[in-house]
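Below, each chain spelled out in residue letters.
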Amino acid sequence: MSAFVSCAGGAPSLKLGDERPDVYLPLLEGRRVALLSNHTGIVGNVEGGKHILDALLEQNVNVTAIFSPEHGFRGTADAGEHVSSGVDEATGVPILSLYSPGSYRPSAESMDKFDVLVVDIQDVGTRFYTYYITMKRLMEACADSGKGVVILDRPNPNGFFVDGPVLDMSLKSGVGAIPIPVAHGMTLGELALMMNGERWLQDSLVCKLDVVACEGYTHSMKTPILVAPSPNLKDIQAIYAYPSTCYFEGTIVSLGRGTDVPFKVYGHPDMQDCDFTFTPRSVPGAKNPPCLDLECHGVDLTGTDEYVGKVDFKYVIDAYKKLGCREDFFLRNGFFDLLAGQRSIRETIIAEAPSSPAGELAARLAALWQDDVQAFTALRRPYLLYEE
């Protein structure tokens, strides 16, 4: 597990929601508590901190259930890998499945095990990172069952900018659930308030919600995080690159899964005019990566920070051109469109990339979503808990 500098250690005045028991304990007193968290739910710093589950139990909170998102409670499962129910070996608290037959919502039996849900998990601030979707589904289940939700808020490491196409809701999926840009610039607490306020929960439900805000955080801050939030986001540079390189998941191109630098490289065995090479291997968290055991020719982004603070399709366009604009570049399952959130991105690349430099075409694409981003930025303002 890759460690980052502690938020609190990097900014002594910064205190996360899970470091404010004086605020959250009164909300939990006398109630059965379920916890949505994973390996990122560390209170304090990596060296001296403890998991929020242990912290709650030590404070005599009656934790009766755990829900774990994609990658599992310990954060080791592959992207999209089904995570089954079980028991946390360290505490004996049952881990409940988020899937009931025919549904991504927890079963009625699971919901009967608790009175209030506590959320403490590190998000990375993109529309296609699935932790907020797990939170949304549990908020809907709680609203249906009359149960409350308490979010112990954490900074968004990509919270200093808003950019990218806003989701066309005809493309709603497991990697995009609400009409927000790729980089929304909000914490999970703020996003939950917005989902409630804009009636974005299923059937326009409204969940009873309390957000324990961070102290000392503003959206202009670049905040490190405690641990890698998932197996292939290994460091803060990968998290910064993620809003611009994740789209390769919907193409034939490798983005470095199965290497030490996923999301910071891209390539394919047939890419032309490339000096850099890498070979994806089967590793924990990437058991069967694209281009497994094949030498890929491509581009190394590890020595640049040009991707920080923006959504840029330049890399996808560059790879498309270096593969001769081949027809099979975009996977036929439509996953690229789900990630981009707009069909027009792929359509424009196919139509214009053969005759356009990658940077120029990417800039034209970025211009197309600026009005939508400005409208979203205005819409979200009433839900912000921190200065912009």
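Examining the overall build of the protein chain
Helix and strand content of the protein chain: 12 helices and 12 strands. By the compact-globule yardstick of 21 Å for 388 residues, the protein chain fits well, its C-alpha radius of gyration being 21 Å. Counting only C-alpha atoms, the protein chain reaches 65 × 45 × 40 Å along its principal axes. Counting over 388 residues, the protein chain shows a buried share of 57%. In the protein chain, the proportion of contacts linking residues at least 24 apart, taken out of those at least 6 apart, comes to 72%. Summed over its atoms, the accessible surface of the protein chain is roughly 15,300 Å², and 48% of this surface lies on carbon and sulfur atoms.

A few points about the packing of aromatic side chains
Enumeration over the complete set of coordinates arrives at 20 aromatic pairs. When the centroid spacing of 5.0 Å and the interplanar angle of 80° are considered together, the rings of Tyr242 and Phe263 count as edge-to-face. In this pair, Tyr242 is assigned in helix α7 (residues 236–245) and Phe263 in the loop between α7 and β10 (265–268), connecting sequence segments 21 residues apart. Assessed through its relative accessible area of 6%, Tyr242 is described here as buried. Among the aromatic residues, ring-to-ring pairing joins Phe128, Tyr129, Tyr131, Tyr242, Tyr247, Phe263, Phe313, Tyr320, Phe329, Phe330, Phe336 and Trp369 into one connected group. The side chain of Lys147 reaches across the aromatic face of Phe114, ending 5.5 Å from its centre. Here the basic side chain of Lys222 rests over the ring of Phe160, its NZ or CZ set 5.0 Å away from the ring centre.

So, unusual backbone geometry
One non-glycine residue, Asp203, lies in positive phi territory at about 60°. Mapped onto the fold, Asp203 is located in the loop between α6 (188–197) and β9 (208–212). When its relative accessible area of 68% is taken as the criterion, Asp203 is described as exposed.

Here's the deal with the sheet that holds strand β5 (residues 86–87)
In a beta sheet, neighbouring strands pair by backbone hydrogen bonds and run either parallel or antiparallel. Read from one edge of the open sheet, 7 strands run β5-β6-β4-β1-β7-β8-β9, paired in mixed fashion. At either end of the open sheet lies a strand with only one pairing partner, and these are β5 and β9. In the sheet, strand β4 (residues 62–67) pairs with strand β6 (residues 94–96) via 2 bridges, with the strands oriented parallel. Residue pairing for β6: Ile66 is matched across the bridge by Ile95. Its contacts with the sheet place helix α5 (residues 131–145) against β1 (32–37), β4, β7 (116–120) and β8 (148–152), and it is angled at close to 150° to β8. Each of β8 and β9 is contacted by α6, which is oriented at about 155° to β9, the strand it contacts most.

Some thoughts on the pattern of salt bridges
The tally for this structure, following the rule as stated, stands at 22 salt bridges. For the salt bridge of Arg154 with Asp120, the shortest nitrogen-to-oxygen distance reads 2.7 Å. Within this pair, whereas Arg154 is found in the loop between β8 and α6, its partner Asp120 is found in strand β7, the two being separated by 34 residues in sequence. Arg154 gets classed as buried once you look at its relative accessible area, which sits at 5%. In this structure, Lys208 and Asp210 form a salt bridge, with 3.7 Å as the shortest nitrogen-oxygen distance. On the basis of relative accessibility, which here comes to 51%, the residue Lys208 falls in the exposed class. Accessibility expressed as a relative area gives 26% for Asp210, which makes it partly exposed. Through salt bridges that share partners, Arg105, Lys136, Glu140 and Asp144 make up one connected network.

Observations concerning α6
Burial runs high along α6: 8 of the 10 residues are buried. Along α6, the positions that sit buried rather than exposed are Leu188, Gly189, Glu190, Leu191, Ala192, Met194, Met195 and Asn196. As for α6, its buried residues are in contact with α5, β8, β9 and α12 (370–380). Directly after α6, the chain includes Arg199, whose backbone phi takes a positive value near 60°.

So, how was this worked out
- Residues numbered from 1 in each chain as written.
- Predicted model: local features only at pLDDT ≥ 70, side-chain atom pairs only at ≥ 80, totals over all residues.
- Heavy atoms only, no water.
- Helix = DSSP H or I, 4+ residues; strand = E, 2+ residues; numbered from the N terminus.
- Rg over C-alpha atoms; globule rule 2.2 N^0.38 Å.
- Buried < 20%, exposed > 50% of the residue type's maximum accessible area, 1.4 Å probe, protein only.
- Contact = heavy atoms within 4.5 Å.
- Areas by Shrake-Rupley, 256 points an atom, 1.4 Å probe, with all protein chains shown as cover.
- Phe/Tyr/Trp six-rings, centres within 6.5 Å; stacked < 30°, edge-to-face > 60°.
- Lys NZ or Arg CZ within 6 Å of the ring centre and 35° of its normal.
- Pairing = 2+ DSSP bridges.
- Axes fitted to C-alpha atoms, helices over the stretch in contact; angles between N-to-C directions.
- Salt bridge = Lys/Arg side-chain N within 4 Å of Asp/Glu carboxyl O.

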